[in-house]
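Understanding the architecture of this molecule
So you can see what is in the structure, the chains are spelled out below.
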There are 2 protein chains.
Amino acid sequence: MTGNSRFAVSVHVLAYLAYKAGEQVTSAEIASSVSTNPVVIRRLLSALVKARLVLGHKGVGGGFGLASAPANITLLDIYRAVEPQPDHGLDRFAPNHKCPVGARIETILRTAFFKAQTSMEAELARVSLEDVNQQLKAVCPGKH
Amino acid sequence: MTGNSRFAVSVHVLAYLAYKAGEQVTSAEIASSVSTNPVVIRRLLSALVKARLVLGHKGVGGGFGLASAPANITLLDIYRAVEPQPDHGLDRFAPNHKCPVGARIETILRTAFFKAQTSMEAELARVSLEDVNQQLKAVCPGKH
DNA sequence: CCATATCGTAACAATAGTGGTTACATAAAC
DNA sequence: GTTTATGTAACCACTATTGTTACGATATGG
């Protein structure tokens, strides 16, 4: 096991909402698609609502729906909504500042990690929920 | 806390070996620079030796040294030596294949994660230990 | 050959993150 | 007011990470 599945599940959830655009979808229905417990879904949706990607409604006939058009929601938006700012282990990292290497390495690492992270996020920003939805609905190549 | 500090500490370790190039450096000395236990350092070095980035020698006068010139070791080499292949949570991810979204989302996620990962790794590959060592030895800007 | 320094690695505990589950309060619809 | 659904707290089981002790294996230098 490496890390968590919040981002993967969240993309699934939002893809499901895009797929069912216009409907109110319950956490139970989404949980069935993801194969997990509705509470796990609601926990993620709670973060997605706070990030204004999703609107939730209580009560009879309630459920969740996208807050914007799928074209306006990218994988980066989802990533930032459900993942904490990654620190790449630098919080547990307290080197000996009396050593010339220990005194300077942290700044060098921060710079390198920031560039790597920025590059990864740019790639996530290139994919929108509309792209995902189109792939979901695409016919299998070679069929018919 | 997010994830582990293996990569950050490993870069520190190899930067230290580059800084002390030509010498045999003990795990105890490195541990002092990192502010941790020598066994933690030896565990990481074990992976770095297996990846052929470092050579180790037992016994009196033993220790560790770089296996190649710093210019030939990149942060990506270090990353791959000490981090498992990231799966971004897809191992714990077993959606309901009876749902049209659940049946197709995993492939879409794999593609997106692969692109993001590749982009991040390309950025890590742009930095060599020689670059790190030059930054370590650089004078503060504005001084003299 | 023996004492010493050093690595290599197993074993264990403490801590923390993750995901699943139950429970229950809150709110909206009819 | 009954029903449906969210919102969230609390708890458990599981796993990863780090620090630590312990000890065997190996190389060096007398």
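Here, every reference points to the structure presented above.
About the thresholds
Here the residue index of a chain counts from 1 through its sequence in written order. By the order in which they are written, chains take letters starting at A while ligands take numbers starting at 1. For this predicted model, a pLDDT threshold of at least 70 governs which residues receive local features, and a threshold of 80 or more governs which side-chain atom pairs are given and counted, while totals over whole chains, interfaces and linings are taken from all residues. For side-chain calculations, the full set of non-hydrogen atoms in the structure is used, while hydrogens and water are omitted. Working convention: axes come from line fits to C-alpha atoms, limited for helices to the stretch in contact. Angles between N-to-C directions cover 0 to 180 degrees. Think of it this way: any DSSP run of H or I at least four residues long counts as a helix, any run of E at least two long counts as a strand, and we number them from the N terminus. Angle categories: roughly parallel below 35 degrees, roughly antiparallel above 145, roughly perpendicular from 65 to 115, and oblique for all the rest. By convention, the crossing between two helices is left-handed when the near helix turns anticlockwise from the far helix through less than a right angle, and right-handed when the turn is clockwise. Contacts: residue pairs with any heavy atoms within 4.5 Å of one another. Polar here means any residue other than Ala, Val, Leu, Ile, Met, Phe, Trp, Tyr, Cys and Pro, which are nonpolar, and Asp, Glu, Lys and Arg, which are charged; Gly is therefore polar. For every residue, the accessible area (1.4 Å probe, protein chains only) is compared with the maximum for its type, and the residue is labelled buried under 20%, exposed over 50%, or partly exposed between those bounds. Residues are classed as near a molecule or strand on a simple rule: at least one heavy atom within 4 Å of it. Definition of a polar contact: a pair of N or O atoms within 3.5 Å, with one able to donate and the other able to accept a hydrogen when the atoms are protein atoms, and with sequence-neighbouring residues admitted only if both atoms are side-chain atoms.

Think of two packed helices as two axes; the pair is described by the angle between the axes and how far apart they sit. Two numbers describe how helix H1 (residues 6-19) of chain A lies on helix H5 (residues 100-125) of chain B: the axes approach to 10 Å, and their chain directions differ by 130 degrees. Here H1(A) lies oblique to H5(B), going by the angle between them. Here H1(A) and H5(B) pass one another in a crossing that is right-handed. Touching A:Phe7, A:Ala8, A:Val11, A:His12, A:Ala15, A:Tyr16 and A:Tyr19 of H1(A) are B:Pro100, B:Val101, B:Gly102, B:Ile105, B:Leu109 and B:Phe113, all from H5(B). Tallied by class, the residues present in the contact of H1(A) with H5(B) amount to 11 nonpolar, 2 polar and no charged.

Mapped onto the elements of the fold, B:Asn96 is located in the loop between helix H4 (75-82) and H5. Its relative accessible area of 19% is what places B:Asn96 among the buried residues. When the C-alpha atoms of B:Asn96 and B:Ala122 are compared, they prove to be 34 Å apart, with 26 residues separating the residues in sequence. Beyond its immediate stretch of four places on either side in the chain, B:Asn96 contacts A:Ser32, A:Ser33, A:Val34, A:Ser35, B:Gly102 and B:Ala103.

Turning our eyes to something else, we now look at the protein's contact with DNA strand D. Taken together, 25 residues lie near DNA strand D, and A:Ser27, A:Arg92, B:Ser5, B:Thr36 and B:Arg43 sit nearest. For DNA strand D, the backbone portion of the atoms within 4 Å of the protein, that is sugar and phosphate, comes to 68%. At a separation of 2.7 Å, a phosphate oxygen of DNA strand D approaches a polar side-chain atom of B:Thr36. Secondary structure elements with two or more residues in the surface near DNA strand D: helix H3 (38-50) and strand E2 (63-66) of chain A together with helix H3 (38-50) of chain B. The greatest single-element share of the surface near DNA strand D, amounting to 4 residues, is contributed by H3(A). Across the surface near DNA strand D, the residue classes tally to 7 nonpolar, 11 polar and 7 charged.

Residue and element names in this part refer to chain A. The backbone phi angle of Ser35 is positive, close to 65 degrees, even though this residue is not glycine. Mapped onto the elements, Ser35 comes out in the loop between helix H2 (27-34) and H3. Residue class for Ser35 comes out partly exposed when judged on its relative accessible area of 46%. Located in the positive-phi region is Arg52, a residue other than glycine, with phi close to 65 degrees. Within the element layout of this structure, Arg52 appears in the loop between H3 and strand E1 (54-57).

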